[in-house]
Amino acid sequence: MRAWVLLFLALPLALAQGLTREEVRVLDRLSEEALKADPAYLRALADLEAARQTLGILGALSAEAGASLAGEYGQVSPSYRLALSLNLAELFRDKGPALRALEAQVEDARRQVRVRVAEAFFRWLIAREAARAAADALEARQAEAAAVQARARVGAATPADALAAAERVSQARLGLYRANLDLALALENLARVVGLPLDALRALLRPLEGGGGSGGAPPAPKGP
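About the criteria used
- Residues numbered from 1 in each chain as written.
- Predicted model: local features only at pLDDT ≥ 70, side-chain atom pairs only at ≥ 80, totals over all residues.
- Heavy atoms only, no water.
- Helix = DSSP H or I, 4+ residues; strand = E, 2+ residues; numbered from the N terminus.
- Buried < 20%, exposed > 50% of the residue type's maximum accessible area, 1.4 Å probe, protein only.
- Contact = heavy atoms within 4.5 Å.
- Areas by Shrake-Rupley, 256 points an atom, 1.4 Å probe, with all protein chains shown as cover.
- Core = buried A, V, L, I, M, F, W, Y, C linked by side-chain atoms within 4.5 Å.
- Salt bridge = Lys/Arg side-chain N within 4 Å of Asp/Glu carboxyl O.
- Phe/Tyr/Trp six-rings, centres within 6.5 Å; stacked < 30°, edge-to-face > 60°.
- Expected span 1.5 Å × (residues − 1).
- Axes fitted to C-alpha atoms, helices over the stretch in contact; angles between N-to-C directions.
- Parallel < 35°, antiparallel > 145°, perpendicular 65-115°, else oblique.
- Nonpolar A, V, L, I, M, F, W, Y, C, P; charged D, E, K, R; others polar.
- pLDDT = per-residue confidence, 0-100.

Q: Before we go on, may I ask you to explain the overall build of the chain in this structure?
A: When helices and strands are counted, the chain shows 9 helices and 2 strands. When its helices and strands are written in sequence order, the chain yields α-α-α-α-α-β-β-α-α-α-α. The buried share among the 224 residues of the chain stands at 31%. Nonlocal contacts in the chain, meaning residues at least 24 apart in sequence, comprise 73% of its contacts between residues at least 6 apart. Per element, the accessible surface of the chain, about 13,800 Å² overall, is 58% carbon and sulfur.

Below, the structure written as structure tokens:
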């Protein structure tokens, strides 16, 4: 478990590390969605709830029921018995340590889910920023190539200069394609960790579109 991931699990620390309040809110929502479908967390929660149900007098009661048939003069009539017993030792037994252990298991399962979601979310944020940077780099290279071509038309730049500028545009475009692929993979991984279809995940990420980008959609390369 990476320590830097745990730092993002609390709101003030997350803000200190550079997450916006909206990103923290989205991260919390993603964690809530993941908890709804995580088998280990749900199992630990069910065990804790079952243990709480045994507290008090109801947990110390046990019942035995039975039925028998008695016949008289060729007729059959049912007779029933029900026995209740109270286990005083069970009633007064201290269940605190067992409950605390189960509560710790629930908290540990919740923490593990939040860490997995946080890791996937941060990878997506990093991939999104990388894709934006690649898009900006391509735009800058395209502007540079256009300026070189303009100078070449008036004899202020050589054909070699124009060819080199065009090569830099090609490299920047390739970098954007690679960044877009990384972003798509990060989005799919986040959907898998959270347990949501891609469309549902994009809807949860949509509030982050205001900061630039499109909730996981790679930036489209511009023409030369």
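Q: What exactly am I supposed to notice about the nonpolar core here?
A: If you look at soluble globular proteins, the nonpolar side chains tend to sit buried side by side. Formed by 48 residues in total, the largest nonpolar core has its most connected members in Leu30, Phe121, Trp124, Leu190 and Leu205. The biggest single contributor to this core is helix α7 (residues 96-153), with 19 residues.

Q: In this structure, what is going on with the environment of Arg206? I would like to understand it.
A: With respect to the helices and strands, the residue Arg206 is situated in the segment after α9 (198-205). Expressed as a C-alpha distance, the spacing of Arg206 and Val26, which sit 180 residues apart in the sequence, is 9.4 Å.

Q: Even after reading the chapter, I still don't get the pattern of salt bridges, so can you show me in this structure?
A: Any two side chains of opposite charge can pair, on the condition that their charged atoms come close. Tallied over the full model, the rule gives 14 salt bridges. We note a salt bridge from Glu23 to Arg128, for which the minimum N-O separation is 3.5 Å. Within this pair, whereas Glu23 is found in helix α3 (residues 21-37), its partner Arg128 is found in helix α7, the two being separated by 105 residues in sequence. Taken individually, Glu23 and Arg128 each receive the classification buried, so the pair is uniform in this respect. Each of Glu23, Arg128, Glu129 and Arg132 takes part in salt bridges that share partners, so that together they form one network.

Q: Just checking my understanding: could you explain the packing of aromatic side chains for this structure?
A: Enumeration over the complete set of coordinates arrives at 2 aromatic pairs. For the ring pair Phe121 and Phe122, a centre distance of 6.1 Å and an interplane angle of 55° mean the geometry is tilted. There is no split in this pair, since Phe121 and Phe122 are both buried. A network of ring pairs unites the aromatic residues Phe121, Phe122 and Trp124 as a single cluster.

Q: Hey, could you run me through helix α8 (residues 159-194) in this one?
A: Since the α-helix packs 3.6 residues into each turn, any two residues three or four apart lie on the same face. End to end, α8 covers 52 Å across 36 residues, agreeing with the expected 52 Å (1.5 Å per residue, within 8%). Taken from the residues just after α8, Gly195 is the one with a positive phi, measuring 85°.

Q: Just to check I follow, could you spell out the packing of α3 against α9 for this structure?
A: Each pair of packed helices can be described by the angle between their axes along with the distance between the axes. The contact between α3 and α9 brings their axes to 10 Å, and the two run at 150°. The orientation of α3 relative to α9 falls into the category roughly antiparallel. Note on element contacts: α9 touches α3 through Leu201, Leu204 and Leu205, opposite Val26, Arg29, Leu30 and Glu33. Split by residue class, the contact of α3 with α9 holds 5 nonpolar, no polar and 2 charged.

Q: Mind showing me how you'd approach the confidence of the model for the chain here?
A: Do not read the predicted coordinates in detail wherever pLDDT is low. Summarising the model, the chain shows a mean pLDDT of 78, and 67% of its residues fall at 70 or more. Overall, residues 1-16 carries pLDDT values under 50, and its contacts beyond four positions in sequence, including any with other chains, amount to 28 contacts.

Q: Sorry if this is basic, but what is going on with the packing of α8 against α9 here?
A: In contact at an axis separation of 10 Å, α8 and α9 are set at 100° when each is read in the N-to-C sense. In terms of axis orientation, α8 runs roughly perpendicular to α9. Contact with α8, carried on its side by Leu187, Glu188, Leu190 and Ala191, involves Leu198, Leu201, Arg202 and Leu205 of α9 and no other residues of that element. The residue makeup of the contact of α8 with α9, split by class, is 6 nonpolar, no polar and 2 charged.

Q: How should I be thinking about the environment of Trp124 in this particular structure?
A: Tracing the sequence through the fold places Trp124 in helix α7. Trp124 gets classed as buried once you look at its relative accessible area, which sits at 0%. Sequence spacing of Trp124 and Leu185 is 61 residues, and the spatial spacing of their C-alpha atoms is 8.6 Å.

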